[in-house]
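Chain and residue survey
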Amino acid sequence: MQYQLIKKNQSEHEVNTDLKGIDLLSRPLLNKGSAFTSEEREVFGLLGLLPSHISTIEEQSKRMYDEIIRKDRPLDQFIALNALQNRNEILFYKILYDHLVEFMPIVYTPTVGLACQEFSRIFRKVRGLWITPEHRGSISKVLKNYPFQDIRLIVATDNERILGLGDLGAGGIGIPIGKLSLYTVAAGIHPCHTLPLSLDVGTDNEELLSNPLYLGWRHPRLRGQDYYAFMDEFVESVEKCFPKAILQWEDFKKQNAFTVLQRYQSRLASFNDDIQGTAAVALAGILSGCRITGTPFKDQRVLMVGAGAAGTGISHLLKQKWKTDGLKENELFGNILLKDTQGILSTHSKDLDDNKKEFAWPESLLKKYDLSPDASLLEAIEKFKPTCLIGTSGQVGAFTKNSILEIAKHTKQPMIFPLSNPTSHSEATPKDLMEWTQGRAIVATGSPFDEFIYNGSTIRISQGNNVYIYPGVGLGALILEATRIDDAYFATAATTLASLVSKEDLEAMQLYPDLSKLREISVKIAHDIAVDQGMSPLESQRRLDNFVWTPKYPRYIPQN
Ligand code: NAD
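A short tour of the structure in this document, coming up. As the structure is a prediction and not an experimental result, all values here were calculated from the model.

**What about the overall build of the protein chain?**
Across its full length, the protein chain holds 26 helices and 17 strands. Oriented by its inertia axes, the alpha-carbon framework of the protein chain measures out at about 80 × 55 × 50 Å. In the protein chain, buried positions account for 58% of the 560 residues. Across the protein chain, every contact between residues at least 6 apart in sequence was considered, and the portion connecting residues at least 24 apart equals 70%. Working note: accessible area of the protein chain is about 23,200 Å², and carbon and sulfur atoms make up 50% of it. The positive charge centre, built from 62 side chains, and the negative charge centre, built from 67, are 1 Å apart in the protein chain.

**What about the sheet that holds strand 1 (residues 4–7)?**
The three strands lie next to each other as 1-2-17, forming an open sheet whose pairing is mixed. Looking at the sheet topology across the chains shown, the edges are occupied by strand 1 and strand 17 (555–558). Each adjacent strand pair in this sheet contributes to an overall mean axis angle of 25°, direction not counted. Pairing of strand 1 with strand 2 (residues 13–17), which is carried by four bridges, proceeds in the antiparallel orientation.

**With respect to the pattern of salt bridges**
The full count for this structure, using the stated rule, is 32 salt bridges. Of the charged contacts, one joins Glu67 and Arg70 as a salt bridge, the two residues approaching to 3.4 Å between their closest N and O atoms. Given the relative accessible area of 63%, Arg70 is considered exposed. Ionic contacts of the salt-bridge type, sharing partners, join the residues Glu481, Glu539, Arg542 and Arg543 into one network.

**Some remarks on the environment of Thr324**
The residue Thr324 is located in helix 15 (residues 309–324) in this model. Put simply, Thr324 and Asp274 are 50 residues apart on the chain and 23 Å apart in space, counted from C-alpha to C-alpha.

**A word on the pairing of strand 13 (residues 442–445)**
Along a regular strand, successive side chains alternate from one face of the sheet to the other. Neither face of strand 13 is left uncovered, since the one carrying Ile442 and Ala444 and the one carrying Val443 and Thr445 both have all their residues buried. Where strand 12 (residues 415–418) meets strand 13, two bridges bridge the pair, whose relative direction is parallel. Along strand 13, the bridge assignment pairs Ile416 with Val443. For the crossover that starts at strand 12, traverses helix 21 (residues 430–436) and ends in the parallel strand 13, the hand is right-handed.

**A short note on helix 15**
Helix length check: helix 15, at 16 residues, gives a terminal C-alpha distance of 23 Å against a target of 22 Å (1.5 Å per residue), a fit within 8%. Ala309, Gly311, Thr312, Gly313, Ile314, Ser315, Leu317, Leu318, Lys319, Lys321 and Trp322 are the residues of helix 15 that are buried. Immediately downstream of helix 15, the backbone of Gly326 shows phi near 105°, a positive value.

**A closer look at the site of the ligand**
Surrounding the ligand, one finds 22 residues, the nearest of these being Arg161, Ala310, Asp340, Gly464 and Asn466. Note that an oxygen atom of the ligand is positioned 3.4 Å from one of the side-chain N or O atoms of Lys254. Burial of the ligand by the protein chains amounts to 80% of its free accessible area of 850 Å². When contributions to the shell around the ligand are tallied by element, the ones reaching two or more residues are helix 15 and strand 9 (336–340). Looking at the shell around the ligand, its residues break down into five nonpolar, 13 polar and four charged.

**A few points about helix 23 (residues 487–499)**
For helix 23, built from 13 residues, the straight-helix expectation of 18 Å at 1.5 Å per residue is met to within 8% by its first-to-last C-alpha distance of 19 Å. Taken as a whole, helix 23 has its buried residues at Tyr489, Phe490, Ala491, Thr492, Ala493, Ala494, Thr496, Leu497 and Ala498. In this structure, the buried side of helix 23 is in contact with strand 7 (270–272), helix 14 (273–293), helix 15, helix 22 (470–480) and helix 25 (518–532).

**Brief notes about empty space enclosed by the protein**
Evaluated as defined, the whole model comprises two cavities of 30 Å³ or more. Its volume calculated, the largest cavity comes out at about 80 Å³. Lining the largest cavity are Phe78, Leu81, Asn82, Gln85, Phe92, Val107, Val112, Gly174, Ile177, Gly178 and Ser181. Of all the secondary-structure elements, those providing two or more residues to the lining of the largest cavity are helix 4 (74–85) and helix 10 (174–187). Residue composition of the lining of the largest cavity, by class: six nonpolar, five polar and no charged. Within this model, the second largest cavity holds a volume of roughly 30 Å³. Lining the second largest cavity are Met434, Ala441, Ile442, Val443, Ile459, Arg460, Ile461, Ala508 and Met509.

**Here's the deal with the pairing of strand 9**
Most of strand 9 is tucked away: five of the five residues are buried. The alternating pattern of strand 9 places Ile336, Leu338 and Asp340 on one face and Leu337 and Lys339 on the opposite face, and all of these are buried. Where strand 8 (residues 302–305) and strand 9 come together, four bridges link them in parallel fashion. Paired with Val302 across the two strands is Ile336, which belongs to strand 9. Relative to strand 10 (residues 343–344), strand 9 is paired through two bridges, and the arrangement is antiparallel. Across the sheet, the residue bridging to Lys339 is Ile344, located in strand 10. A loop of two residues connects strand 9 with strand 10, the two strands running antiparallel in sequence.

**Observations regarding the sheet that holds strand 3 (residues 129–131)**
Taken together, the five strands give an open sheet; going across it, the order is 3-5-4-6-7, and neighbouring strands pair in parallel fashion. Each of the sheet's edge strands pairs with one partner strand only, and the pair in question is strand 3 and strand 7. Geometrically, the sheet is characterised by an average inter-axis angle of 25° between neighbouring strands, direction not taken into account. As defined by bridge partners, strand 6 (residues 246–249) adjoins strand 7 across three bridges and the pair is classed as parallel. By the bridge assignment for strand 7, Gln248 is matched with Phe271. Against the sheet, helix 12 (residues 224–241) engages strand 3, strand 4 (153–157), strand 5 (194–199) and strand 6, with an angle of about 150° to strand 6.

**Digging into a nonpolar patch on the surface**
A cluster of nonpolar side chains, namely Phe123, Val126 and Leu215, defines an oily patch on the protein surface of about 280 Å² accessible area. Along the chain, the position of Val126 falls in the loop between helix 8 (119–122) and strand 3. In this structure Val126 comes out as exposed when scored by relative accessible area, which is 61%.

**Topic: the environment of Asn16**
Turning to its location among the elements, Asn16 is positioned in strand 2. In this structure, the C-alpha to C-alpha distance between Asn16 and Tyr3, residues 13 residues apart in sequence, is 6.0 Å. A polar side-chain atom of Asn16 sits 3.2 Å from a polar atom in the side chain of Gln559.

Here is what the cut-offs are and how they apply
Residues numbered from 1 in each chain as written. Predicted model: local features only at pLDDT ≥ 70, side-chain atom pairs only at ≥ 80, totals over all residues. Heavy atoms only, no water. Helix = DSSP H or I, 4+ residues; strand = E, 2+ residues; numbered from the N terminus. Buried < 20%, exposed > 50% of the residue type's maximum accessible area, 1.4 Å probe, protein only. Contact = heavy atoms within 4.5 Å. Areas by Shrake-Rupley, 256 points an atom, 1.4 Å probe, with all protein chains shown as cover. Lys, Arg positive; Asp, Glu negative; His and termini not counted. Charge placed at Lys NZ, Arg CZ, Asp CG, Glu CD. Pairing = 2+ DSSP bridges. Axes fitted to C-alpha atoms, helices over the stretch in contact; angles between N-to-C directions. Salt bridge = Lys/Arg side-chain N within 4 Å of Asp/Glu carboxyl O. Right-handed = clockwise from strand over helix to strand, strands pointing away. Expected span 1.5 Å × (residues − 1). Near = heavy atom within 4 Å. Polar contact = N/O pair within 3.5 Å; in protein donor to acceptor, adjacent residues only side chain to side chain. Nonpolar A, V, L, I, M, F, W, Y, C, P; charged D, E, K, R; others polar. 1 Å grid on protein atoms, 1.4 Å probe; cavity = no way out; pocket = protein on both sides within 12 Å on 5 of 7 lines; lining within 4 Å. Points joined across faces, edges and corners; volume = space filled by probe spheres on them. Patch = residues over 30% accessible without salt bridge, like charges linked within 9 Å, V, L, I, M, F, W, Y side chains within 5 Å.

As structure tokens, this is what we get:
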């Protein structure tokens, strides 16, 4: 038994447990530390194991918060928060919930990246699961070892493209842990329903392979058929062990990201945040931009620089949205132009991946705009006259001054989104974009940039953070008990997100609502997805009330 969660309602929970004494104190999801009441101390054999004072969760939270912010280095704050999560999980969520904007860069990017790099050095306590090729034939058995079995949400990575940091081997587990922590805070998914998972199929990172302290499966990466046989067994085991779970694929390298998504999308309710979440957050930015400029979405012309996972994911969703808004196939084709290292994606491009083919311009469009397939960015802007320029190339400085001067010549308020991360890879800095366009550009970036002064005013730059999207999509899929998560979920999420930007924010050129409202935003996205998928608003609300959890200690019911 050990742990059985019973929900009375959104704010009241009870837990049945047969654990006592030190066993109870050592389970992070059960340990209340100094907040155990006198009665609980008596009943659960805790007398003498805790200091005398009985704290409220607010007192504990203040004590821990003060302790964490005394640490100067973000990585030390990460370690302190991680230790708290492994000691008293509900207190961890309470602190994260109350200080989300402050701690998001610690539990997630950028600090989590450093923690993944330092994984073998800072590893303290188990959390999540590692599945390696040695488990082939018994992956179900491994899944059953997890201490919770009513799993509804899995975030899984094969660690090959962790943030912008590449192949980090087993250390990549920090990403699913961080994302699920944000899921719990943003969408109220109780931690006992979540599973962070590293598909540790080896690493091609020579530094890790030769590091005697490396904790992962010390082999070159599994590739080709062996990789997919392993993934097939993993997916089958998830279906068998956790039939109610949805799965988020996270930080896979480009080709595997697309193949894994497509291969399992119809078998398992699953999505890839790097492709589909990014697409929705970019679409929301454009929809908000349309509210600022007063121009309809159907009239936007988008030039995408970088046709990888993010670039093609965004382009695909834009096309879907134009289609549902009534544009004809030939119109929506000509609304978007993708430029990659080979030049403009067109029928002239060689060896196009499947995900790129749907954007390859035919000769007739190249002719219409008098463009050659190897046109420079400046020339493409000059002739295609985009209203919106998006960068997902990872190339610092790709948006040159000349190209920005050109877009500003023919668009009064161009939307310019250099989305590449981290800031050192951004296609242009927001400050340059403001100066080059004389303050007319509507800017969103992938990474956070500091405020700056332009023309005597303080400029705050919108950050297209995927956290605005995936918790709401995940929660929507869960209350729908979805068996498949398709593009419509992401289009709804983007539309809802854009609709939540206030008039005051739009006046300040903000494309996204304040991050401090993340819970409200995620729940609204989930509700709108459920209703768009055919659920009645009343039923959606009832399910959300039943599902969404806010960090609070439960009452314990002893079982022996
Ligand atoms: P990727 O490697 O799949 O794609 C990058 C693409 O850019 C490749 O196709 C590459 O050929 C192309 N490219 C490289 N140099 C170029 C150039 N000079 N001109 C045109 N194309 C060029 O990577 P990805 O997963 O698509 O991510 C791309 C960038 O987007 C990363 O920096 C990532 O951090 C960022 N990103 C941002 C968000 C967000 O803002 N929410 C989300 C996901 C990814």
